[in-house]
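Overview (structure and organization)
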Amino acid sequence: MKVIICGDICPTEDYRKLFDTPQKLFGNALDLIKNSDYAVCNFECPASDSESKILKTGPSLKAEKRDVKMLAQIGFKAFSIANNHILDYGFQGVIDTLNTAKECNVEVFGGGINEDEAQKPLIVDLNCKKIGFISFAEHEFNIATTNTPGANLFDPYISLQQISALRKQCDYVVVLYHGGIEHYIYPSQLLQKKCRTMVDFGANLVLCQHSHCIGTFEEYNNSTIVYGQGNCIFGYREGNDAWNEGLIVELDINENVEIKYHLINATLDGITLVDDNTRIKKFYNESEKLYDPDFLKKEFSEFCKKRSYLDMPLFYGKSRVLIKLNRILKGKLFKPNKRKIMITYNLIRCDAWNEVIQEDLRSAFNDK
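What comes next concerns the included structure. Source: prediction; values computed, not measured. (Residues numbered from 1 in each chain as written. Predicted model: local features only at pLDDT ≥ 70, side-chain atom pairs only at ≥ 80, totals over all residues. Heavy atoms only, no water.)

1. Some words on a nonpolar patch on the surface
A cluster of nonpolar side chains, namely M312, F315, I341, Y345 and I348, defines an oily patch on the protein surface of about 460 Å² accessible area. Those elements that provide at least two residues to the nonpolar patch are α9 (293–315) and α11 (338–349). The element best represented in the nonpolar patch is α11, accounting for three residues. Among the secondary structure elements, I341 is positioned in helix α11. Residue classification places I341 among the partly exposed residues on the basis of a relative accessible area of 35%. (Patch = residues over 30% accessible without salt bridge, like charges linked within 9 Å, V, L, I, M, F, W, Y side chains within 5 Å. Areas by Shrake-Rupley, 256 points an atom, 1.4 Å probe, with all protein chains shown as cover. Salt bridge = Lys/Arg side-chain N within 4 Å of Asp/Glu carboxyl O. Helix = DSSP H or I, 4+ residues; strand = E, 2+ residues; numbered from the N terminus. Buried < 20%, exposed > 50% of the residue type's maximum accessible area, 1.4 Å probe, protein only.)

Next comes the structure, spelled out in structure tokens:
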């Protein structure tokens, strides 16, 4: 029995027409999906006719309802919708997605009509084995609440117990985690700690999505953690090799479960499976570095320093023009003083202050 898990799927503007020709869109990867016994993906947007975008930062993404039908017809049996875009078109967008998936006999997990529904895992019987799927998203403009639709929030005080409970019901547990740092191939120390703890609580495979690049992986406590699956269907970007590649993960389920990685590349005409031993070897070689905590700490610090000219003025609410110019001028346009940095740093690192400032910001945002 073969389970196929694809990364982020979204009909970006340049791929919009291709969604009406799945043979071209998926290329030679289509047979891999069609011939699987169970295919899962992260559906990275609502499928809705709604035109009402929510107020948020970042792009608002949307699919057509017919896209769900197409994905169901080629073999996808389940969608995770625990991601940062599922609420881009409001509650109606989520409701439309759930209803359309139900009409197409596609299971949905990682999101729902409310918090309770969003937290429910998916359990599938395959080859006399129960495979459990559960997915979580980090908190952006996307989370389900007690009485509103959205994605399933990763809350360590609740989510880890959910993984543990699922493990007691299943032979094999897959966690899809939509989070981490975009365009960064290594896990931060926090992300590594989170994912390893998920394994400690019962996960057999943790797949981190959202980063838009192939990351690295590690074997930990007889389980596998992949820090970055890369894109599946997310358009094509000229000159951006990292964006244009991804991994389709295959679980070969017999007495044991064997994990295989299939490399895909995006072109202007859709995606294609590629046999690139050099790239796969790089994936394995980079992954060897994960066992060196000093390397991870240094690499993350250097990555953040390169972004600081962009991130610092963004954090302090400066205009897009200033942010862009500050990046070009390498920080010469905006330099917060040490006292301002000290105060801000303490507000976000201390749990008590962080909770207070988040509530203050939430209230101020809702009052506008």
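Picking up after the structure, the text goes on.
2. A look at the environment of L296
You can see L296 is positioned in helix α9. Between the C-alpha atoms of L296 and Q192, which are 104 residues apart in sequence, the distance is 9.8 Å. In contact with L296, not counting residues within four places along its chain, are Y184, Y186, P187, Q192, K289 and L290. (Contact = heavy atoms within 4.5 Å.)

3. Some details on helix α4 (residues 90–103)
Given a rise of 1.5 Å per residue, 14 residues ought to cover 20 Å, and the 21 Å separating the end C-alpha atoms of α4 matches this to within 8%. Those residues of α4 lying buried are G90, G93, V94, D96, T97, L98, T100 and A101. Among the structural elements, β2 (38–43), α3 (65–74), β4 (107–109), β5 (111–112) and β8 (150–151) are those in contact with the buried residues of α4. Phi for N105, located one or two positions after α4, is positive at around 60°. (Expected span 1.5 Å × (residues − 1).)

4. Structural notes on helix α7 (residues 189–200)
For α7, built from 12 residues, the straight-helix expectation of 16 Å at 1.5 Å per residue is met to within 8% by its first-to-last C-alpha distance of 16 Å. Three or more residues of α7 are buried, namely L191, Q192, C195, M198 and V199. Take α7 and look down its axis: the buried residues cluster within an arc of 125°, on one side only. Residues of α7 that are exposed and angled more than 90 degrees away from the buried face: L190 and K193. Buried residues in α7 make contact with α6 (156–169), β9 (172–178), β10 (205–209), β11 (214–220), β12 (223–229) and α9. (Arc of directions from axis to C-beta.)

5. Observations concerning the pattern of salt bridges
Enumeration according to the criterion identifies 15 salt bridges in this entry. Its salt-bridge partner being R66, residue D20 comes within 3.0 Å of it at the nearest N-O pair. You can see D20 sitting in the loop between β1 (2–9) and α1 (22–26) and its partner R66 sitting in helix α3, a full 46 residues away along the chain. Across the pair K56 and D88 runs a salt bridge, and its minimum N-O distance is 2.8 Å. Pair noted here: K56 is in the loop between β2 and α3 and D88 is in the loop between β3 (76–80) and α4, with a separation of 32 residues, a long-range link. Both residues of the pair, K56 and D88, belong to the buried class.

6. Looking at the sheet that holds β12
Backbone hydrogen bonds are what pair the strands of a sheet, in a parallel or an antiparallel way. Pairing in this open sheet of six strands is mixed, and the strands run β6-β7-β9-β10-β12-β11 from one edge to the other. In the strand order of this sheet, the two ends are held by β6 (122–126) and β11, each with one partner. This sheet shows a mean twist of 15° between the axes of neighbouring strands, independent of strand direction. The strands touched by α6 are β6, β7 (129–137) and β9; relative to β7, the strand with the most contacts, the crossing angle is about 170°. (Pairing = 2+ DSSP bridges. Axes fitted to C-alpha atoms, helices over the stretch in contact; angles between N-to-C directions.)

7. Some points on the pairing of β11
Within β11, five of the seven residues are buried, which leaves it mostly tucked inside the rest of the structure. Relative to β12, β11 is paired through six bridges, and the arrangement is antiparallel. Paired with F217 across the two strands is V226, which belongs to β12. Hairpin connection from β11 to β12: two residues lie between these consecutive antiparallel strands, with N221 at a positive phi of about 50°.

8. Points about the nonpolar core
I9, F26, L71, F76, F79 and I233 are the most contacted members of the largest nonpolar core, which totals 45 residues. A78, F133, I214 and L247 belong to the second-largest nonpolar core, a separate cluster that totals 26 residues. (Core = buried A, V, L, I, M, F, W, Y, C linked by side-chain atoms within 4.5 Å.)

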